[in-house]
Amino acid sequence: MVEPLKAVGQSIRRFDATSKVTGEALYPGDFNMDGQLWLKIRFSDRAHARIRSIDTSAAEALPGVVHVITAKDVPVNEYGLVTKDQPVLCGPGSTISDADVVRCYMDNVALVVAETEAIAAEAAKLIQIDYEDLPAVFDMEAAMLEGAPQLHEDKPNNIEIHYRIRKGDMAAGWAQADVVVEGEYSTGYQEHAYLQPEAGLSYIDEQGRVTVIVAGQWTHEDQYLIAHALNLPEDQVRVIYPAIGGAFGGREDMSVQIVLALATHYVRRPVKTIWSREDSIKYHHKRHPVTVQAKWGATREGKLVAMEARIVGDAGAYNYTSSKVLANANLMATGPYECENVHTDTYAVLTNNIPTGAFRGFGAPQACLAAEGLMNRLAEALNMDPVELRLRNSIREGSFLSVGTPLPPGVSMPQVIERGALESYWTHANGWQRQAVEQPENPALRRGIGFACGFKNVGYSFGAPEQSWATVELYGNTEIEHVVVRHGGADVGQGTHTVMVQMAADAVGVPIECVKFIGHDTAETMTAGSASASRLTFMSGNAICGAAAEALEAWRREERPAKATYRYRPPKTTPYDPMTGKSEPNFAYGYVAQAVEVEVDIETGFVRVLRVVSTNDVGKAVNPQQVQGQIEGAVIQALGYAVMEHLISVDGRIRNPYLSTYLIPTVLDIPIEVKSVVLEYADPIGPFGARGMAEMPFVPLAPAIAAAVKDATGVWIDDLPMIPDRVVKKLREQGVGVL
Ligand code: MOS
């Protein structure tokens, strides 16, 4: 007999809610230890240069300075999440060839450990670095040309990666097309702007382990990269996460993890560091600026018959996750649509700019801007309702993607589009009808409505190893009295630990009060993979359900306590074929559709987003309130990306590294209404039917806003961010202006 679910599906209050509100929750910068020292990093002063020598004598002579560390002191001087292509410290005398080259302003050159933060900061400035300047390149198209400055010897023409899709017969596709639309789209950097910049405390724990308290997205990955750089066995390194103030992909790559560990490794004392907001904006990776040139063709009936795209992303000076982000962009460039003939070329290009990497959506938002932009242009060219056109082409159960393989079962894109339309501005009687927009009296204010949809993978893609461990321990005698769940997944602020406890309670069949959660410490759990790719509910739920089933069997065998550790592995995915792109990219997806209403001030170019209706298939809302929180959070973050956030980089240097000049949404910028419509079409292999959902509501917002701006003004804006000066210029160019 199946027990009814008691915890799953309930808006259980988050366990950390009170401590976050009262301020009792401790973030990495809140920890202190007796005898602690302070760490400051000396960053590169050049975008591209070879370091001839480093003179640390003046810094070392400063009273209060305990130790100065340079490249020659790093046991294995390399790191990187996907490719170990970045020195921990740049400079001569390293174990790794070419580590004497700085390739961007965020490269680390030296570390100062001192008695106080002020002394460490002063000493860092006293370090003399002798640079031999190298030619630099900041434009991704220029970087690919013959004769451009080369960043890495093994990456000719600075091409980090090139993906191709070659499906069908393009000539035949174009021949069938009655209508062809083309566009060129560009997106900007985006800063993660999480609460509490990078910070941490390192020390030697009671078992002699180099231990780092820090905020990240995957404790075991941090542990591995620290151990690699320090040349220590992994069990001699311990990583602990306290409260984390958001991550959004920005804490996936290393920031202070390795340098703190290195400092404690040498001085054998606790070492603390806290970055300022300015440091954080200047020295951690950003969302990729991407350009997409694309051309789509359709028949008069609105059937897509040919799609072509060239996508170029600025990786900055090192790979970070660029090779994965652009893989995803390449897949998402054709939107959630079926088409027989597809041709793409996608590049991640190395430049001397700040590295770019993971950020909520992971390449999908950039590609979606172009895909949904062209879909809306096509609707206009065909004089067809954009919802109707989407439904005629939408992927559905059994559809094949551009990569020549069927989607995993559980495709709900058509249902999500329909519901998204009906819950917003559309009706369906004799075909799809959109409501008229009521215009304000002020003739300078123009309102419009736009629609876009999208999809996003859950879990790692393209053959990347994917797994998650969980342990369930059952305590009691005749009855199960309490349950301990161990899982390594990071609660970055999304509330995943509460969700894990909910799933564990129902998997074991006990009230949630009986479940205790242990995590955020490499010494206490097995690896879980990262808090990314919208994967934690899906992966941890399956792992916890597996562990619970085995623990219950042990319980029935009368083992006390009954314990089980279980590894969940989802269906395998495969990498792109290098010539055709054929692959099985993902094992699960989440689907989203969004309608927005905007008001454009045609005098100033200011775009105000009035209403957003976000319809998301989440499979099963394990905690409905948290799902709503994720939708609202993603929508506001995407709103900032689409119309406000403008990070300016000149010759590789960020010119506005402050929240006073890099504007993110605040309470006055949010729409009057964000309506979350939550659908529950179960994923066949999701725990309790759940799909991942954290990134999906970010994906189509920008193109939905662009379509609404077009509806309001008659002008397409194809470049992000749609800030007033850019919008007003476009409006004037097309004769829309002050009355
Ligand atoms: Mo996320 S962008 O998958 O860390």
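Predicted model only: the values in this text are computed from it and were never measured.

Chemist: Can you help me understand the environment of Q494 in this one?
Modeler: Residue placement: Q494 occurs in the loop between β20 (480-487) and α13 (496-508). Taking the C-alpha atoms as reference points, Q494 and H228, 266 residues apart in sequence, are found 30 Å from one another. Residues contacting Q494, with those up to four places away along its chain left out, are R14, A531, L536, Q626 and Q630.

Chemist: For this particular structure, what's the right way to read the domain arrangement of the protein?
Modeler: Often the size quoted for an interface is simply the accessible area lost on bringing the parts together. Here the protein is partitioned into domain 1 (17-25 + 467-568), domain 2 (31-134 + 204-246 + 251-268) and domain 3 (290-461 + 578-733). Here the C-alpha centre of domain 2 lies 34 Å away from the C-alpha centre of domain 1. Tallying the contact residues gives 19 residues for domain 1 and 18 residues for domain 2. Summing the contributions of domain 1 and of domain 2, the shared interface buries around 1,300 Å²; its carbon and sulfur component is 53%.

Chemist: What is the right way to look at the nonpolar core in this model?
Modeler: Note that soluble globular proteins tend to have their nonpolar side chains buried in a common cluster. Judged by nonpolar contacts, the single largest core of 108 residues is most densely connected at W296, W426, Y591, V598, V600, I705 and M722. Sequence-distant contacts of V600, defined by excluding residues within four places in its chain, comprise A444, L445, R446, F606, V607, V709, A712, T713, V727 and L731. Counting residues in each nonpolar core, the second largest holds 63 residues, with V88, V212, A215 and L350 among its members.

Chemist: Is there a simple way to think about the packing of aromatic side chains in this case?
Modeler: Centre-to-centre distance and the angle between the planes together describe a pair of aromatic rings. Counted according to the given criterion, the structure contains 14 aromatic pairs. Arranged with centres 6.4 Å apart and planes meeting at 50°, the rings of F359 and F698 form a pair that is tilted. In this pair, F359 sits in the loop between β15 (342-350) and α10 (364-382) while F698 sits in the loop between β27 (673-679) and α16 (701-713), placing the two residues 339 residues apart along the sequence. When its relative accessible area of 2% is taken as the criterion, F359 is described as buried. The buried category is assigned to F698, whose relative accessible area is 1%.

Chemist: What am I meant to see in the sheet that holds strand β4 (residues 101-102) here?
Modeler: Backbone-to-backbone hydrogen bonds join strands into a sheet, with any given pair of strands oriented parallel or antiparallel. Taking strand neighbours across the sheet as the criterion, the 3 strands line up as β4-β2-β6 in an open arrangement whose pairing is antiparallel. Of all the strands in the sheet, just β4 and β6 (128-133) have a single pairing partner and so form its edges. Sheet topology note: the strand β2 (residues 49-55)/β4 ladder contains 2 bridges and is antiparallel. Each residue of the ladder has a partner; that of R50, found in β4, is V101.

Chemist: So what exactly am I meant to see when it comes to unusual backbone geometry here?
Modeler: Outside of glycine, negative phi angles account for most residues, and trans bonds account for most peptide bonds. At the junction of R560 and P561, the peptide bond is cis and its omega measures out at -10° in the coordinates. In this chain, L720 is followed by P721 through a cis amide linkage whose omega measures -5°. Here P721 is to be found in the loop between α16 and α17 (724-733). Within the chain, N158 stands out as a residue other than glycine whose phi angle is a positive 60°. We classify N158 as buried; its relative accessible area is 0%.

Chemist: Would you mind showing me how to read α13 here?
Modeler: In an α-helix, one turn spans 3.6 residues; hence positions three or four apart end up facing the same way. With 13 residues, α13 should reach 18 Å at 1.5 Å per residue; the first-to-last C-alpha distance of 18 Å fits that figure. Within α13, 12 of the 13 residues are buried, which leaves it mostly tucked inside the rest of the structure. Those residues of α13 not exposed but buried are T496, H497, T498, V499, M500, V501, Q502, M503, A504, A505, D506 and V508. Close packing links the buried residues of α13 with β19 (468-476), β20, β21 (515-518), α14 (536-556) and α15 (624-644). G509 sits one or two residues past α13 and shows a positive phi near 90°.

Chemist: Would you mind showing me how to read the packing of α10 against α16 here?
Modeler: Each pair of packed helices can be described by the angle between their axes along with the distance between the axes. Direction vectors running N to C along α10 and α16 enclose 35°, while the axes themselves pass 8 Å from each other. Relative to α16, α10 is oriented so that their crossing is right-handed. Residues C368, L369, E372, G373, N376 and E380 of α10 form the contact with α16, whose participating residues are A702, P703, A707 and K710. Residue composition of the contact of α10 with α16, grouped by class: 5 nonpolar, 2 polar and 3 charged.

Chemist: Explanation requested: the sheet that holds β20 in the structure shown.
Modeler: Strand order in the open sheet made by the 4 strands is β21-β20-β19-β22, with mixed pairing throughout. Both outer strands of the open sheet, β21 and β22 (562-568), are each paired with one neighbouring strand and no more. Each adjacent strand pair in this sheet contributes to an overall mean axis angle of 20°, direction not counted. Two strands pair when backbone bridges link them, and β19 and β22 are joined in this way by 7 bridges, in the antiparallel orientation. Residue pairing for β22: E473 is matched across the bridge by K563. The strands that α13 touches are β19, β20 and β21; relative to β21, the one it contacts most, it runs at about 135°.

The rules behind each value
- By convention here, each chain's residues receive numbers from 1 onward along its written sequence.
- Owing to the predicted nature of the model, reporting of local features is limited to residues with pLDDT of at least 70; listing and counting of side-chain atom pairs is limited to 80 or more, with chain, interface and lining totals taken over all residues.
- Neither water nor hydrogens contribute to the side-chain values; these are computed over all heavy atoms in the structure.
- The secondary structure listing takes helices from DSSP runs of H or I that are at least 4 residues long and strands from runs of E that are at least 2 residues long, numbered from the N terminus.
- Throughout, a residue-residue contact means that at least one pair of heavy atoms, one from each residue, lies within 4.5 Å.
- Throughout, the edges of the domains are those of an automatic or database domain assignment.
- Summed over both partners, the accessible area (1.4 Å probe) lost when two parts come together is defined as the buried area.
- Buried Ala, Val, Leu, Ile, Met, Phe, Trp, Tyr and Cys residues form a nonpolar core when they are joined through side-chain atoms within 4.5 Å.
- For every residue, the accessible area obtained with a 1.4 Å probe (protein chains only) is divided by the maximum for its type, and the residue is called buried under 20%, exposed over 50%, and partly exposed between those limits.
- By convention, a stacked pair of Phe, Tyr or Trp rings (six-membered ring in the case of Trp) has centres within 6.5 Å and planes under 30 degrees apart, an edge-to-face pair has planes over 60 apart, and any other such pair is tilted.
- Only strands that DSSP links by at least two bridges are regarded as paired with each other.
- The span expected for a helix works out to 1.5 Å for each residue beyond the first.
- Only C-alpha atoms enter the line fits that serve as axes; for helices the fit covers just the stretch in contact. Angles between N-to-C directions range over 0 to 180 degrees.
- Left-handed describes a crossing in which the near helix is turned anticlockwise from the far one by less than a right angle; the clockwise case is right-handed.
- Here the term charged refers only to Asp, Glu, Lys and Arg, the term nonpolar to Ala, Val, Leu, Ile, Met, Phe, Trp, Tyr, Cys and Pro, and the term polar to all other amino acids, Gly among them.

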